[in-house]
Amino acid sequence: MSLLNLVSEVAYRARYSRAANVAFVVALAICVALLALARAEGQEDTTVIPFDGNSSLVSRLNHYVSVVGVLLPERAFRTQFEVGGLKLRGARYVPLIIEGASDPLLILDKNLPPFSADGQVRLVGKIQAGGAQVPYYLEVGEPPNIPLQNAWARAGAIGGVALLVLALTAWLIARADYAITVGRPAAGPAPAGVGALWFGSLGAGLGHAVVRQAPVAVTRMRDEIRLESCASRPSWTIHIREVRSVQPVHVATAYGPLPAARIAFQDERGLLRRGTIAVGGDPQARSVLHAWLSGQIM
């Protein structure tokens, strides 16, 4: 039973912890990002093909190639575009001289290895189609590891489902006022020193703050039942003017399973509210709440 109380306490603290909420959002965003890595098997050819002086750019378009040549950084250039009288600068390209080739292969100046003294490098990348100024170019980069990406995507899917299940579970526990219903315990004496405990909102006057198993003193007044906090600072009071529905249950608490009542009621502002009150061995509270604990509506 202490496990159910622990689950409720963790759900309650997580709900009102800024750090926990931020961590949940970040974790969910990571799972979505991992899902975006998913790729269909065979959708892209990741085979690295040798590229030499006799190779055709057209036939290698959208394929990964391995090429050896001499980079000429001193002949690097940027593309330029004119839009509405303005000249815009585009990407920068570095020529690569390949032995036996009539024209240099243009390399996008991105992820390039450090230039050696003679400029010779071995590059792996994908042949891409460009524009009028640069019809074809090589974008340096290793081919994606699709099986690994799909494994990460599956991990993201599993993690995302787990997070959503946790969120749904926390929402259900919150709907139960962070007081999980348990089976009727074996007959025995009520826990000594345990009075009444309130699970639920404190109302509009206190910004709808929610407490869990807060000790309260129960007093019957002429036109209401009043629950007054015993230890909270500042103190608060719940005025139960008209009870609309009552559901007697037993709930998990830090003191073990206790008889309780889930109630919907009208408060001193005329607002309809709900909450759960559990009762220990306090004779006064048991006497006042006897009708609720037995399933009657006063």
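Computed from a predicted structure; not experimentally measured.

### Section: the nonpolar core
Judged by nonpolar contacts, the single largest core of 23 residues is most densely connected at W198, V218, L227, I240, I277 and W292. For this core, the elements supplying multiple residues, two or more each, are β9 (196–201), β10 (210–220), β11 (225–229), β12 (237–240), β13 (242–253), β14 (256–266), β15 (272–279) and α4 (283–288). Counting 15 residues, the second largest nonpolar core, distinct from the first, contains F51, V65, L112 and V121.

### As for helix α1 (residues 2–15)
An ideal rise of 1.5 Å per residue puts 20 Å on 14 residues; α1 measures up with 20 Å between its terminal C-alpha atoms. The inward-facing, buried residues of α1 abut α3 (146–175), β10 and β13.

### Points about the pairing of β10
Bridge count between β9 and β10: five bridges; the pairing is antiparallel. Following the sheet pairing, S201 is matched in β10 by V210. In this sheet, β11 lies alongside β10 in antiparallel orientation, the contact comprising five bridges. When the sheet's bridge partners are listed, A217 is paired in β11 with E228. In textbook terms, the turn of a hairpin is the stretch between consecutive antiparallel strands, and for β10 and β11 this stretch comprises four residues.

Reading the values: rules and limits
Residues numbered from 1 in each chain as written. Predicted model: local features only at pLDDT ≥ 70, side-chain atom pairs only at ≥ 80, totals over all residues. Heavy atoms only, no water. Core = buried A, V, L, I, M, F, W, Y, C linked by side-chain atoms within 4.5 Å. Buried < 20%, exposed > 50% of the residue type's maximum accessible area, 1.4 Å probe, protein only. Helix = DSSP H or I, 4+ residues; strand = E, 2+ residues; numbered from the N terminus. Expected span 1.5 Å × (residues − 1). Contact = heavy atoms within 4.5 Å. Pairing = 2+ DSSP bridges.

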